[in-house]
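Here's the letter readout for the chains.
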Amino acid sequence: MTTYGSFPGTRPRRLRTTPVMRRMVAETRLHPADLILPAFVREGVDEPVPITAMPGVVQHSRDTLKKAAAEAVEAGISGIMLFGVPEEEKKDALGTAGTDPDGILQVALRDVRAEVGDDLLVMSDLCLDEFTDHGHCGVLDAEGRVDNDATLERYAEMAQVQADAGAHVVGPSGMMDGQIGVIRDALDQIGREDVAVLAYTAKYASAFYGPFREAVGSSLKGDRKTYQQDAANVRESMRELALDLAEGADMVMVKPAGPYLDILAKVAEAVDVPVAAYQISGEYSMIEAAAEKGWIDRDRAVLETLTGIKRAGARNILTYWATEVARTLR
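Notes on the structure follow. As the structure is a computational prediction, the values presented were derived from the model and not from experiment.

**Concerning the overall build of the chain**
Alright, step 1. When helices and strands are tallied, the chain shows 11 helices and 10 strands.
Alright, step 2. In summary, the chain has a C-alpha radius of gyration of 21 Å against a globular reference of 20 Å for 330 residues, a match within 12%.
Alright, step 3. Overall size of the chain, expressed as C-alpha extent along the three principal axes, is 80 × 45 × 40 Å.
Alright, step 4. In the chain, which comprises 330 residues, the share counted as buried stands at 50%.
Alright, step 5. Within the chain, contacts between residues separated by at least 24 positions form 75% of all contacts whose residues are at least 6 apart in sequence.
Alright, step 6. When the accessible surface of the chain is totalled, it reaches about 15,600 Å², and 50% of it is carbon and sulfur.
Alright, step 7. With 36 positive and 52 negative side-chain charges, the chain shows a spacing of 11 Å between the two charge centroids.

In structure tokens, the structure reads:
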């Protein structure tokens, strides 16, 4: 082929020639400190229970949860977000196991704090869905609808028992109106001003939560579309963001991550508080399933999705691969 002069004079490919060159000019970098590990602890088991829909993820026993927390510290990740799975007979309409000081989540919080102290941020899911016999995130009224304000009273109590059990951070995930303000007040009333609130600001009603329902032994029938956000909406997320910040959120989150990178980017551009994103169960399971079939390169796909989430604006990422990925980044 005949070339003329030095055309093309500008060659972006010069900055892609070797792995070291690509690493040097990378605009987005993952770091172990970016990552938070969601973890499930199941009451009444002595061994971890595999989650069929999430290959490689388990419902922990108390002992294996402590081991997972210690491994997370060693890998250098920032936090562990705990979800409690109570015995089925302890579920009721009010989710009282979720506010019992001796409930599985509170016991697990104390276990993990005793194991890792302040070397890992111990975070707790603040929601009733794992503990209710109907599977919804709040208290139901006489007509079977989620009662927003009655639920807030339960959340306030839940925040206090989780803080007393040792949570550094509480993560209200129920999407009740006013939940951040009520929880902040409840924590301050018992002298827990230092406990941070990670607001699930934009939590969408998503098809990708499916495997999570198995992970927490959900009793849900129906859906959560009356309180989680509609996938079609953007401005609604920004309204939720303004409300959460006004009510005292220390950090905000978008969930799910992958299908809502546009929302994540808008949120990140709009705020000066840390922004998190949750790479949820369905996102995890899709990659694991496709890799098992030999259709994709698992490790590359994992890093690519996490890099995309970070590039879109997430300061921190909740992912079930947190410890594994952190070890490769060190």
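Next comes the rest of the write-up.
**A word on a positive patch on the surface**
Alright, step 1. A contiguous patch of positive charge, built from Arg 11, Arg 13, Arg 14 and Arg 16, is present on the exposed surface.
Alright, step 2. Within the secondary structure, Arg 14 sits in the segment before α1 (19-24).

**Some words on empty space enclosed by the protein**
Alright, step 1. Counted under the stated rule, the structure contains one cavity of 30 Å³ or more.
Alright, step 2. If you add up the space inside the largest cavity, you get close to 130 Å³.
Alright, step 3. If you trace the largest cavity, you find 18 residues lining it, with Asp 129, Lys 203, Tyr 209, Phe 212 and Lys 255 closest to the centre.
Alright, step 4. Those elements giving two or more residues to the lining of the largest cavity turn out to be β7 (196-203) and α6 (210-215).

**Some thoughts on the packing of aromatic side chains**
Alright, step 1. Using the criterion set out here, one finds six aromatic pairs in the structure.
Alright, step 2. With centroids separated by 6.1 Å and ring planes inclined at 50 degrees, the aromatic side chains of Tyr 278 and Tyr 320 adopt a geometry described as tilted. Of this pair, Tyr 278 sits in strand β9 (residues 275-278) while Tyr 320 sits in the loop between β10 (316-318) and α11 (322-329); the two residues are 42 residues apart in sequence, bridging distant segments of the chain.
Alright, step 3. Judged by relative accessible area, which is 0%, Tyr 278 ranks as buried.
Alright, step 4. On the basis of relative accessibility, which here comes to 9%, the residue Tyr 320 falls in the buried class.
Alright, step 5. Aromatic ring contacts, followed pair by pair, group Phe 40, Phe 83, Tyr 278, Tyr 284, Tyr 320 and Trp 321 into a single cluster.
Alright, step 6. Looking at Lys 203, its charged tip hangs above the ring of Tyr 209, at a distance of 5.8 Å from the centre.

Conventions used here
Residues numbered from 1 in each chain as written. Predicted model: local features only at pLDDT ≥ 70, side-chain atom pairs only at ≥ 80, totals over all residues. Heavy atoms only, no water. Helix = DSSP H or I, 4+ residues; strand = E, 2+ residues; numbered from the N terminus. Rg over C-alpha atoms; globule rule 2.2 N^0.38 Å. Buried < 20%, exposed > 50% of the residue type's maximum accessible area, 1.4 Å probe, protein only. Contact = heavy atoms within 4.5 Å. Areas by Shrake-Rupley, 256 points an atom, 1.4 Å probe, with all protein chains shown as cover. Lys, Arg positive; Asp, Glu negative; His and termini not counted. Charge placed at Lys NZ, Arg CZ, Asp CG, Glu CD. Patch = residues over 30% accessible without salt bridge, like charges linked within 9 Å, V, L, I, M, F, W, Y side chains within 5 Å. Salt bridge = Lys/Arg side-chain N within 4 Å of Asp/Glu carboxyl O. 1 Å grid on protein atoms, 1.4 Å probe; cavity = no way out; pocket = protein on both sides within 12 Å on 5 of 7 lines; lining within 4 Å. Points joined across faces, edges and corners; volume = space filled by probe spheres on them. Phe/Tyr/Trp six-rings, centres within 6.5 Å; stacked < 30°, edge-to-face > 60°. Lys NZ or Arg CZ within 6 Å of the ring centre and 35° of its normal.

Fair warning: the whole summary comes from geometry, so function is off the table for now.
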